[in-house]
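What follows is each chain in one-letter form.
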Amino acid sequence: NNDHTAVALTPVTALRLPLSALQRLRKEEPETYISLTERWHDYLRDADIWITQLSTGPIRARVARLLSFLADFNYESANDQLPLLTCEEMGSAPGVTSESTSRILAEFKRKQILVTHDDQPDELYNADLGRLHYIAEQA
C-alpha cells in the first residue's frame, strides 16, 4: 500500500532498489546511506510543498504556480521559457478541469504573460515570470 502516487508527464527512468541492498549499504557504507536517505527526504519534502501549493488557493493562482514550477524545472532552455503540457495534464496537477485551465492559459496568452515566437516550437513559451509569480502569490 502506497501513501502517494506519482504520474509521469514526461519520459522517466525508475530504479527499483531491493531492501537488502539498502541494508547492506547502511552497514558497509553508512555515509553514502545517510546521504542517500537525506536526499530522498528532501525530495519528499519538496513534493509535499508542491502538492500543497498546487491544491490550495484560487484556480488562477494554482495554474500560475504550476507554470512557475515548469519554468524552474525546464533546465534545457532559457529560464524564462517553459513547455506547456496539454490542458488535461495541466489541470490534473492542481486538480482543476481542463476547461478552467484552458481559459486561464488563454487569458495569460492574451495578456502576454505567455508568448510564443515564430522561431521556437509551438509548445514552448516565453513566460513573464514576474507576473506569474505575482499571480501565484494571490490567495
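One structure accompanies this document, and this report is about it.

Cut-off values and rules
Residues numbered from 1 in each chain as written. Predicted model: local features only at pLDDT ≥ 70, side-chain atom pairs only at ≥ 80, totals over all residues. Heavy atoms only, no water. Axes fitted to C-alpha atoms, helices over the stretch in contact; angles between N-to-C directions. Helix = DSSP H or I, 4+ residues; strand = E, 2+ residues; numbered from the N terminus. Parallel < 35°, antiparallel > 145°, perpendicular 65-115°, else oblique. Contact = heavy atoms within 4.5 Å. Buried < 20%, exposed > 50% of the residue type's maximum accessible area, 1.4 Å probe, protein only. Arc of directions from axis to C-beta. Core = buried A, V, L, I, M, F, W, Y, C linked by side-chain atoms within 4.5 Å. Pairing = 2+ DSSP bridges. Patch = residues over 30% accessible without salt bridge, like charges linked within 9 Å, V, L, I, M, F, W, Y side chains within 5 Å. Areas by Shrake-Rupley, 256 points an atom, 1.4 Å probe, with all protein chains shown as cover. Salt bridge = Lys/Arg side-chain N within 4 Å of Asp/Glu carboxyl O.

Next up on the list: the packing of helix α1 (residues 19-28) against helix α2 (residues 30-55). Put simply, α1 and α2 touch, their axes get as near as 5 Å, and they point 125° apart. If you check the angle between α1 and α2, you find them oblique. Each of L22, L25, R26, K27 and E28 in α1 lies in contact with α2, whose residues at this interface are P30, T32, Y33, L36 and W40.

With that settled, consider helix α6 (residues 129-136). Turning to α6, its buried residues are L129, L132, I135 and A136. What you see down the axis of α6 is that its buried residues fit within an arc of 125°, all on one side.

In terms of nonpolar packing, the biggest core is built from 22 residues, with L67, L84, M90, F108, L114 and L132 touching the most fellow members. If you list the elements that add at least two residues to this core, you get α3 (59-73), α5 (98-110), β3 (124-127) and α6. Looking at this core, the element that brings in the most residues is α3, giving six residues. With near-sequence residues (within four places) excluded, L67 lies in contact with L82, L84, M90, L105, F108, L114 and L132.

Turning to the pairing of β3, a few remarks are in order. Here β3 shows two buried faces, one formed by L124 and N126 and the other by Y125 and A127. Bridge count between strand β1 (residues 81-83) and β3: three bridges; the pairing is antiparallel. Pairing of L82 across the sheet is with Y125, part of β3. As paired elements, strand β2 (residues 114-115) and β3 share two bridges and run antiparallel to each other. Following the sheet pairing, V115 is matched in β3 by N126.

With that settled, consider the sheet that holds β1. Think of a sheet as strands paired side by side through backbone hydrogen bonds, with each pair either parallel or antiparallel. In spatial order, the strands read β1-β3-β2; together these three strands make up an open sheet with antiparallel pairing. Unpaired on one side and paired on the other, β1 and β2 mark the two borders of the sheet.

Another aspect to go through is unusual backbone geometry. The residue Q112 is not glycine, and still its phi comes out positive at about 60°. Of note, Q112 is situated in the loop between α5 and β2. Of the residues examined, Q112 reaches a relative accessible area of 56% and is grouped as exposed.

Another aspect to go through is a nonpolar patch on the surface. On the surface, a cluster of nonpolar side chains totalling about 320 Å² of accessible area is made up of L17, W40 and Y43. Residue position: W40 is located in helix α2. The exposure class assigned to W40 is partly exposed, which follows from its relative accessible area of 36%.

The next thing to look at is the pattern of salt bridges. One pass over the full model with this rule turns up five salt bridges. Between D42 and R45 there is a salt bridge, and its shortest N-O distance comes to 3.0 Å. Of this pair, D42 and R45 both sit in helix α2, three residues apart, which is roughly one turn of the helix. On the accessibility criterion, R45 (40% relative accessible area) is partly exposed. The residue D128 makes a salt bridge to R131 at a minimum N-O spacing of 3.8 Å. Using a relative accessible area of 34% as the deciding quantity, one classes R131 as partly exposed.

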